[in-house]
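What follows is the residue order along each chain.
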Amino acid sequence: MIGAIFLGPRIGKYDRDASGKVTKVHAIPGHSLTLGALGTFILWFGWYGFNGAACTQLLGVGGLAAVFTTTTIAPAVACVTTMIFTWIKNGKPDVSMTLNASLAGLVAITPTCATVDALGATIIGIVSGIIVVVVVEFLDMKLHIDDPVGAVAVHLANGIWGTLSDGLFNVEEGVFYGGGFHHLGVQFVGEASILVWTTVCMLITFTLIKKLHGLRASREEEIVGLDKLEHGIDSSYAGFIMAPQVLGGDSSEAAGSGSVPVEKAVPVAKATSRPDAKFHMVTIITRQSKFDELKAAMNDINVTGMTVTNVLGCGQQHGNVQKYRGVEMDMTLLPKIKVDIVVSEVPVDLVVTAAKEVLYTGHIGDGKIFVYDVQNVVKVRTGEEGYEALQD
């Protein structure tokens, strides 16, 4: 937490007025929940060694089994608790926060893994699942401390809770097991000592680093990205950016022969001309999963030419608020396809009607259709213009 305060928030995280007061908090989602889930699983799996290795002399194999049991119960219960809590609170379960909850449960059970029973581990997990949500949102929206991965809520808040919970649920000395308040008092003294020691040491450490070296990248490095400026690559996340792929080599060789005069390219008949023909471009932006149905519908009405582009679209329906880790999302970029169709002989209304029939689901994200007037069409291969250029 001290490091996050010294470092300051990411660019664009908070809007401030002229006096410096925060007026709006922006959600900045992580780029891959899949990798987040994988990382959580790896940590959870490794935690069995982390807790288990600390009790090699505890009642032999039976003691180890008990540790593995509590180390499983607490994070599992914390996950379910956070899922239900965010579902009730925000209207939808928060996947990112639920992943954090498993780590919160693991942190909280670590001090008590060998001293509590299954019931104690369950209660510890329930409280952990609530604490992680409350602290993440409190830090972000009230204290305005930018903690991108919820580390403070997981390790500080639930570390404190886990340490104190041993004074409550320890099967030999806990308050709820007839042990009185002495052991709980010891836990309080120990936790207070840790907080004071860590605060003093980290204030000194971060102050020295900031003065002697600096804590964060420059504004340019933060915006452009360290991948580009330090390592010379556009992005370390494959698929996170959309970059055109260009094949090298001579274009004439790729075509199989050198260029030829236009009049010899193909036999072209120009006897019929329709100077009064009108052209329209229909641009359709919709879900990628709808492309095959759209293509079939266009083929059915004799539209056989189209240009398809993968794009990212954003939009937010009024009144439909989405939240990420408790913060309202401004807009979400989603993968879409953009289909451009130029028609003349096929009525533009027919194209629009056919597209609407296959794209409509009644849900947000069905897409939009734009219609433009086109002045002229030129076929590069033959030099034809107008109506003839559209005929293949």
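Residues numbered from 1 in each chain as written. Predicted model: local features only at pLDDT ≥ 70, side-chain atom pairs only at ≥ 80, totals over all residues. Heavy atoms only, no water.

(A) Structural view of the overall build of the protein chain. Regarding its fold elements, the protein chain presents 13 helices and 8 strands. Considering only contacts in the protein chain between residues 6 or more positions apart, those separated by 24 or more positions represent 69%. Of the roughly 24100 Å² of accessible surface on the protein chain, a fraction of 63% belongs to carbon and sulfur atoms. (Helix = DSSP H or I, 4+ residues; strand = E, 2+ residues; numbered from the N terminus. Contact = heavy atoms within 4.5 Å. Areas by Shrake-Rupley, 256 points an atom, 1.4 Å probe, with all protein chains shown as cover.)

(B) Expanded view of helix 12 (residues 291–300). Of all the positions in helix 12, only Phe-291, Leu-294, Ala-297 and Met-298 are classed as buried. Along helix 12, the residues classed as buried sweep out an arc of 125° about the axis, all on the same side. Those residues of helix 12 that are exposed and aimed more than 90 degrees away from the buried face are Asp-292 and Asp-300. Looking at the buried side of helix 12, the elements it contacts are strand 3 (279–287), strand 4 (307–313), strand 7 (334–343) and helix 13 (348–359). Positive phi shows up at Asn-302, right after helix 12, with a value of about 70°. (Buried < 20%, exposed > 50% of the residue type's maximum accessible area, 1.4 Å probe, protein only. Arc of directions from axis to C-beta.)

(C) Looking closely at the side chain of Ser-344. Mapped onto the fold, Ser-344 is located in the loop between strand 7 and helix 13. Of the polar contacts made by the side chain of Ser-344, one reaches the backbone oxygen of Lys-278; its length is 3.1 Å. Leave out the neighbours within four places in its chain, and Ser-344 touches Ala-277, Lys-278, Phe-279, Tyr-387 and Leu-390. (Polar contact = N/O pair within 3.5 Å; in protein donor to acceptor, adjacent residues only side chain to side chain.)

(D) Geometry of the pairing of strand 3. Relative to strand 8 (residues 368–374), strand 3 is paired through 7 bridges, and the arrangement is antiparallel. Considered in strand 8, the bridge of Met-281 is made with Tyr-372. Direction of pairing for strand 3 relative to strand 7: antiparallel, over a ladder of 8 bridges. In the strand pairing of strand 7, Val-282 is matched with Ile-341. (Pairing = 2+ DSSP bridges.)

(E) Local environment of the side chain of Thr-283. On the secondary structure map, Thr-283 appears in strand 3. At 2.8 Å, the side chain of Thr-283 forms a polar contact with the side chain of Asp-340. Sequence-distant contacts of Thr-283, defined by excluding residues within four places in its chain, comprise Lys-338, Val-339, Asp-340, Lys-368, Ile-369, Phe-370 and Tyr-372.

(F) Quick look at the sheet that holds strand 3. Strand order in the open sheet made by the 4 strands is 4-7-3-8, with antiparallel pairing throughout. With one partner strand each, in any of the chains shown, strand 4 and strand 8 form the two edges of the open sheet. Between one strand and the next, the sheet's axes are offset by a mean angle of 25°, whatever the strand orientation. Against the sheet, helix 12 contacts strand 3, strand 4 and strand 7, and its axis sits at roughly 10° relative to strand 7. On top of the sheet, helix 13 reaches strand 3, strand 7 and strand 8; it is set at about 5° to strand 3, its chief contact. (Axes fitted to C-alpha atoms, helices over the stretch in contact; angles between N-to-C directions.)

(G) Fine view of the packing of helix 2 (residues 33–52) against helix 4 (residues 95–109). Where helix 2 meets helix 4, the closest approach of the two axes is 10 Å, and the angle between their N-to-C directions is 10°. Relative to helix 4, helix 2 is oriented roughly parallel. On helix 4, the residues that touch Leu-33, Gly-36, Ala-37, Thr-40, Leu-43, Trp-44, Trp-47 and Asn-51 of helix 2 are Val-95, Ser-96, Leu-99, Ser-102, Leu-103, Leu-106, Val-107 and Ile-109. Looking at side-chain class alone, the contact of helix 2 with helix 4 contains 11 nonpolar, 5 polar and no charged residues. (Parallel < 35°, antiparallel > 145°, perpendicular 65-115°, else oblique. Nonpolar A, V, L, I, M, F, W, Y, C, P; charged D, E, K, R; others polar.)

(H) Quick look at the packing of aromatic side chains. Taken as a whole and assessed by the stated rule, the structure comprises 6 aromatic pairs. Relative to Phe-206, the ring of Phe-6 lies with its centre 5.8 Å away and its plane at 25°, an arrangement referred to as stacked. Placement of the pair is Phe-6 in helix 1 (residues 2–7) and Phe-206 in helix 7 (residues 182–212), with a sequence separation of 200 residues. Grouped by ring-pair contacts, the aromatic residues Trp-161, Phe-169 and Phe-176 constitute a single cluster. (Phe/Tyr/Trp six-rings, centres within 6.5 Å; stacked < 30°, edge-to-face > 60°.)

(I) Region of interest: the pattern of salt bridges. For the structure shown, the criterion picks out 7 salt bridges. Two residues, Asp-366 and Arg-287, come together in a salt bridge whose shortest N-O distance is 2.9 Å. Here Asp-366, found in the loop between helix 13 and strand 8, pairs with Arg-287, found in strand 3; they are 79 residues apart in sequence, far enough to count as distant. Across the pair Glu-384 and Lys-379 runs a salt bridge whose closest N-O atoms are separated by 3.7 Å. (Salt bridge = Lys/Arg side-chain N within 4 Å of Asp/Glu carboxyl O.)

(J) How the structure looks around the packing of helix 5 (residues 118–143) against helix 6 (residues 151–169). In the contact formed by helix 5 and helix 6, the axes pass within 9 Å of each other and the chain directions differ by 145°. Seen from above, helix 5 lies across helix 6 with right-handed handedness. For the pair formed by helix 5 and helix 6, the contact residues are Gly-120, Ile-123, Ile-124, Val-127, Ser-128, Ile-131, Val-132, Val-135, Val-136 and Leu-139 on the first element and Val-152, Ala-153, Val-154, Ala-157, Asn-158, Trp-161, Ser-165 and Phe-169 on the second. Here the residues of the contact of helix 5 with helix 6 are counted per class, giving 14 nonpolar, 4 polar and no charged. (Left-handed = near helix turned anticlockwise from the far one by under 90°.)

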